[in-house]
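# Structural characterization, general
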Amino acid sequence: MAAAPEVPDDLTDDLADDAPDPGHDGAGVPDAATDGLAVPRDPEARHGEGVDAALVLGGGGVFFVAWQVAYLNALVERGVPLHGVDRIVGTSAGALVAAVLGAGKIGRFRTEVGLLARVPRLLQALAPSSDLRPSQERARDVFLAAEDAEPSTVRAIGHAALSAHTPGPNAMARNVALVLASRRWPSPSVQITCVDAYSGERCVVTEDAGVPIARAVAASSAVPGLFPPQPVLDRRCIDGGVSGTGTHLDLVAGARRVLVVTLTDGEGAEQGAMTVSPTGFRDELAALEASGAEVVVRMPETMDLATLMDPREVPRAVVMGERQAAADAERLRALLA
């Protein structure tokens, strides 16, 4: 078996320990009060005003990364113009896929996902170690037990994540850099969500922030307790889903056409889980449609929350995603043409 490739030095120069982010000297990194990253969730803010076509990619672990990549690549192969959308919002697993799609590398990544079990560093970027310290378990359990996204709840999760004894943040960012194979922000259309672990604020990272794309994706995917909070300018940030949504549909409110790719729509849920209320997605969707957007929602036919991080589920996810894309392509070509 061939060894996994090393991360090229030119992809990780800006991920060195304690190095300032590109575009800022050490003393010039803006603090959290002035960096412009905090964007309160507000369905009436119409952040998508003037956007013609948008794509929203939600979170959901290794299984959902594989499903999204297979689904989106099959759509592109069938002529659906995903590379031409004006805004791509990515959260957690969807942040990684958004970066790959925005860079025009979805076909290459589809091949790598198919080899997931044979590319150890790729797997390390997507799935955490199962050998957790007690402080990590505590942070994870605080997140899993959360039933709402009140500011105090989100801050408690963030503080537990900050106090967890995890590996240093640069290992995760370097693994993500290998997956992305690029140090440049993939496209001005890409927006990556994360949460300030200290303040609990929802943050939206764009090309203008001067944050390396690998760092932004790592922050959006940093599940509390499983992965370390990531330095994003003068903040330490965790998974974008901690804010109470895995899709952040308010960021495309007012757009003309939106394709939403989500792990679940919450149908049939009787109680909240991990800060997301049982009606959270449906409430977001209703607000997005009320903004005037034409919306199509797509999700896996089936999924099991207990196996979202299991790489053995990847082949099933790939087959399912490609089958669903074949059925959806004609409608989505019409939506996004």
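### As for the overall build of the protein chain
For the protein chain, the helix and strand inventory stands at 11 helices and 8 strands. Here the protein chain holds 337 residues, and 54% of them are scored as buried. Sequence-distant contacts, at least 24 apart, represent 81% of the contacts inside the protein chain between residues at least 6 apart. For the protein chain, the accessible area works out to roughly 14,200 Å², and carbon and sulfur atoms hold 50% of it.

### What about the side chain of Ser 187?
Among the structural elements, Ser 187 can be located in the loop between helix 8 (169-180) and strand 3 (190-196). At 2.8 Å, the side chain of Ser 187 forms a polar contact with the side chain of Ser 189.

### Notes on the side chain of Arg 87
Within the fold, Arg 87 resides in strand 2 (residues 87-90). In terms of polar contacts, Arg 87 uses its side chain to reach the backbone carbonyl oxygen of His 47, at 2.8 Å. A polar atom in the side chain of Arg 87 sits 2.8 Å from the backbone oxygen of Leu 251. If we skip the residues at most four places from it in the chain, Arg 87 touches His 47, Gly 48, Val 51, Ala 53, Ala 54, Leu 55, Ser 189, Gln 191, Leu 251 and Val 252.

### Quick word on the environment of Pro 151
Secondary-structure assignment places Pro 151 in helix 7 (residues 151-163). Since its relative accessible area comes to 49%, Pro 151 is described here as partly exposed. In this structure, the C-alpha to C-alpha distance between Pro 151 and Glu 201, residues 50 residues apart in sequence, is 8.1 Å.

### So, helix 11 (residues 314-336)
Helix length check: helix 11, at 23 residues, gives a terminal C-alpha distance of 28 Å against a target of 33 Å (1.5 Å per residue), a shortfall beyond 12%. The principal kink in helix 11, of about 55 degrees, is found at Asp 328. Regarding helix 11, the residues found buried are Val 314, Ala 317, Val 318, Met 320, Gly 321, Gln 324, Ala 325, Asp 328, Ala 329, Leu 332, Leu 335 and Leu 336. Packing partners of the buried residues in helix 11 comprise strand 1 (53-57), helix 2 (61-77), helix 4 (106-114), strand 7 (257-261) and strand 8 (294-298).

### Points about unusual backbone geometry
The backbone of Arg 46 shows a phi angle near 55 degrees, a positive value even though the residue is not glycine. With respect to the secondary-structure elements, Arg 46 resides in the loop between helix 1 (9-12) and strand 1. By relative accessible area, which is 33% here, Arg 46 ends up partly exposed. Positioned with a positive phi, Thr 275 is a non-glycine residue whose angle comes to about 75 degrees. Here Thr 275 is to be found in the loop between strand 7 and helix 10 (280-290). Of the residues examined, Thr 275 reaches a relative accessible area of 2% and is grouped as buried.

### Thoughts on the pairing of strand 4 (residues 202-205)
Alternating residues of strand 4 divide into Arg 202 and Val 204 and Cys 203 and Val 205, and every residue in both groups is buried. Sheet analysis places strand 3 next to strand 4, joined by 4 bridges and oriented antiparallel. Pairing of Val 195 across the sheet is with Arg 202, part of strand 4. With antiparallel pairing between neighbouring strands as the criterion, strand 3 and strand 4 make up a hairpin whose turn holds 5 residues, including Gly 200 at a positive phi of roughly 80 degrees.

### Description of the packing of helix 2 against helix 4
Helix-helix packing is described using two parameters, namely the angle between the two axes and the distance between the axes. The N-to-C vectors of helix 2 and helix 4 enclose an angle of 135 degrees; their axes lie 9 Å apart at closest approach. Considering their axes alone, helix 2 and helix 4 lie oblique with respect to each other. The crossing of helix 2 and helix 4 is left-handed. Only Ile 106, Gly 107, Phe 109, Arg 110 and Val 113 of helix 4 make contact with helix 2, whose side of the interface consists of Val 65, Ala 66, Val 69, Ala 70, Leu 72, Asn 73 and Val 76. Taken together, the residues that form the contact of helix 2 with helix 4 break down as 9 nonpolar, 2 polar and 1 charged.

### Points about the packing of aromatic side chains
By the definition in use, this model includes 2 aromatic pairs. Relative to Tyr 71, the ring of Trp 67 lies with its centre 4.6 Å away and its plane at 15 degrees, an arrangement referred to as stacked. Of this pair, Trp 67 and Tyr 71 are both found in helix 2, 4 residues apart, which corresponds to roughly one turn of the helix. Through a chain of ring-to-ring contacts, the aromatic side chains of Phe 64, Trp 67 and Tyr 71 assemble into a single cluster.

What counts and how
- Residues numbered from 1 in each chain as written.
- Predicted model: local features only at pLDDT ≥ 70, side-chain atom pairs only at ≥ 80, totals over all residues.
- Heavy atoms only, no water.
- Helix = DSSP H or I, 4+ residues; strand = E, 2+ residues; numbered from the N terminus.
- Buried < 20%, exposed > 50% of the residue type's maximum accessible area, 1.4 Å probe, protein only.
- Contact = heavy atoms within 4.5 Å.
- Areas by Shrake-Rupley, 256 points an atom, 1.4 Å probe, with all protein chains shown as cover.
- Polar contact = N/O pair within 3.5 Å; in protein donor to acceptor, adjacent residues only side chain to side chain.
- Expected span 1.5 Å × (residues − 1).
- Bend = angle between axes of the 7 residues up to and from the residue.
- Pairing = 2+ DSSP bridges.
- Axes fitted to C-alpha atoms, helices over the stretch in contact; angles between N-to-C directions.
- Parallel < 35°, antiparallel > 145°, perpendicular 65-115°, else oblique.
- Left-handed = near helix turned anticlockwise from the far one by under 90°.
- Nonpolar A, V, L, I, M, F, W, Y, C, P; charged D, E, K, R; others polar.
- Phe/Tyr/Trp six-rings, centres within 6.5 Å; stacked < 30°, edge-to-face > 60°.

Just distances and angles here, no functional claims.
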